[in-house]
Amino acid sequence: MRVLEAFDKSASELSIADIAVRTGMGRSAAQRFVYTLCQLGYLRRHPAARLYSLSTKLVGLVGGMLSANARLQAAYPVLSQLAQETHETVSWVELDGDDIVVLGNIPSEHLASVNLPVGSRFAALPASSGQVLLCQKSDADLRAMLRRLAPAVRARFGDREDDDIIALIERTGSEGYSMTEKNLGQGSVSISVPVFDHAGRVVAAINLSTLSLRYDVEAARRDLLPRALHTAKALSAG
């Protein structure tokens, strides 16, 4: 699994030497695992360049996992309606350790839009969806997560102290949503709202992402947030 995880958007083709470095394995161990994965059909070898890439056989594993997620499958029609009403990118996001993972995505119909393909993974604490998913965590759990943050991720909070960040997440819980801004070439606004189970636990976040050229923060809060909250309420149990 470490070999498979070595492949990502920045490195879709790797040599055995690359895989050894990325996994921290010795070259001979990496070579054995790569050959096994090739025999099983999960890696594809490019003989001319001696490079390897993930094969389409992995899609079957991902599809099986997503189809077994009953909440996600039931949510798709409602998420599609939200996307049609807002014309913006709508995603179903769940927590995985210290990260969030996009498990469902309906892209915006606009040519210029926020792209969040299924499988996208981000640090939870700085993300609006992460703040929604973490709002029921204990103070001790949040402080432990903050200690584990990579310096580059921690830098996204600027000069905020730990207490300020925890207060931000607690406020997310009391307000029932989180909103963040990003500036990655084109400014974007991200709104996330919680989906609850029968016991009142947050089990997923619905994320609605737009570009600030269409909605600034105040316009997004006025026009998009109520629709997102309505969708989350429809998908929450009891």
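Provided above is the structure to which this section pertains.
(A) Expanded view of the packing of helix H5 (residues 70–86) against helix H10 (residues 217–235). Contact geometry for H5 and H10: axes closest at 10 Å, N-to-C directions at 170°. Classified by the interaxial angle, the pair formed by H5 and H10 is roughly antiparallel. Of the residues in H10, those touching H5 at Ala 75, Val 78, Leu 79, Leu 82, Glu 85 and Thr 86 are Leu 224, Arg 227, Ala 228, Thr 231, Ala 234 and Leu 235. A class-by-class count of the residues in the contact of H5 with H10 yields 8 nonpolar, 2 polar and 2 charged.

(B) Quick peek at helix H7 (residues 139–148). Where H7 is concerned, the buried positions are Leu 142, Ala 144, Met 145 and Leu 146. Where H7 is buried, its residues contact helix H8 (151–154) and helix H9 (162–175).

(C) Structural context of the side chain of Ser 108. Along the chain, Ser 108 turns up in the loop between strand E4 (99–106) and strand E5 (121–123). By relative accessible area, Ser 108 is classed as buried at 10%. Side-chain polar atoms of Ser 108 contact the backbone oxygen of His 87, separated by 2.9 Å. In this structure the side chain of Ser 108 is engaged in a polar contact, spanning 3.0 Å, whose partner is the backbone nitrogen of His 110. Ignoring anything within four residues of it in the chain, the contact list for Ser 108 reads His 87, Glu 88, Thr 89, Ser 113 and Arg 214.

(D) Quick peek at unusual backbone geometry. For His 87, which is not glycine, the phi torsion reads 65° and is therefore positive. Topologically, His 87 is positioned in the loop between H5 and strand E3 (89–96).

(E) A look at the packing of H7 against H9. Their axes nearest at 11 Å, the elements H7 and H9 cross at an angle of 125°. What the angle tells us is that H7 and H9 run oblique. Judged by the twist between their axes, the crossing of H7 over H9 is right-handed. Together, Asp 139, Leu 142, Arg 143 and Leu 146 of H7 and Asp 162, Asp 163, Ile 165, Ile 166 and Ile 169 of H9 make up the contact between the two elements. Residues of the contact of H7 with H9, tallied by class, amount to 5 nonpolar, no polar and 4 charged.

(F) Examining the pattern of salt bridges more closely. Inspection of the entire model under this criterion finds 12 salt bridges. The partner of Arg 148 in a salt bridge is Asp 98, and the shortest N-O contact between them spans 2.7 Å. Taken together, the residues span a long stretch of sequence, with Arg 148 in helix H7 and Asp 98 in the loop between E3 and E4 at a distance of 50 residues. By relative accessible area, which is 52% here, Arg 148 ends up exposed. Classification of Asp 98 by relative accessible area gives partly exposed; the value is 28%. One salt bridge in this structure joins Glu 218 and Arg 221, with 2.8 Å as the shortest N-O distance. Here Arg 221 and Glu 218 lie together in helix H10, a separation of 3 residues that amounts to about one turn. Residue Arg 221 is classed as partly exposed on the basis of its relative accessible area of 30%. Each member of the salt-bridge network shares a partner with another, and the members are Asp 96, Asp 99 and Arg 121.

(G) Seen up close, the pairing of strand E8 (residues 202–211). Of all 10 residues in E8, 10 are buried; the element is thus mostly enclosed. Judged from the 5 bridges that link them, E3 and E8 form a sheet pairing that is antiparallel. Residue pairing in the sheet places Val 90 in a bridge with Leu 208 of E8.

(H) Highlighting the side chain of Ser 53. You can see Ser 53 is positioned in strand E2 (residues 51–54). At 2.9 Å, the side chain of Ser 53 and the side chain of His 46 are in polar contact. Contacts of Ser 53, omitting those with residues within four sequence positions, involve Phe 7, Ser 12, Glu 13, Tyr 42, Leu 43, Arg 44 and His 46.

Parameters and conventions
- Within each chain, residues carry numbers counting from 1 in the order of the written sequence.
- Whole-chain, interface and lining totals are the exception, using all residues; otherwise, since this is a predicted model, local features are given only for residues with pLDDT of at least 70 and side-chain atom pairs are given and counted only at 80 or more.
- Neither water nor hydrogens contribute to the side-chain values; these are computed over all heavy atoms in the structure.
- To obtain each axis, a line is fitted to C-alpha atoms, and for helices this fit is confined to the stretch in contact; angles are then taken between N-to-C directions over 0 to 180 degrees.
- Here a helix means four or more residues in a row that DSSP labels H or I, a strand means two or more in a row labelled E, and each is numbered from the N terminus.
- Oblique is the label for any angle not covered by the other classes, which are roughly parallel (under 35 degrees), roughly antiparallel (over 145) and roughly perpendicular (65 to 115).
- In what follows, residue pairs with any heavy atoms lying within 4.5 Å of each other are defined as contacts.
- All residues other than Ala, Val, Leu, Ile, Met, Phe, Trp, Tyr, Cys, Pro, Asp, Glu, Lys and Arg, Gly among them, are scored as polar; the first ten of these are nonpolar and the last four charged.
- To sort residues, take the accessible area from a 1.4 Å probe on protein chains only and compare it with the maximum for the residue type: under 20% means buried, over 50% means exposed, and anything in between is partly exposed.
- Any N or O atom pair separated by 3.5 Å or less is treated as a polar contact, with the protein-specific requirement of one donor-capable and one acceptor-capable atom, and with residues adjacent in sequence counted only for side-chain atom pairs.
- Definitions for this section: a left-handed crossing has its near helix turned counterclockwise from the far helix by less than a right angle. A right-handed crossing has that turn clockwise.
- We define a salt bridge as a side-chain nitrogen of Lys or Arg found within 4 Å of a carboxyl oxygen belonging to Asp or Glu.
- By definition, two strands form a pair when at least two bridges between them are found by DSSP.

Remember, this is a structural readout, not a statement about activity or role.
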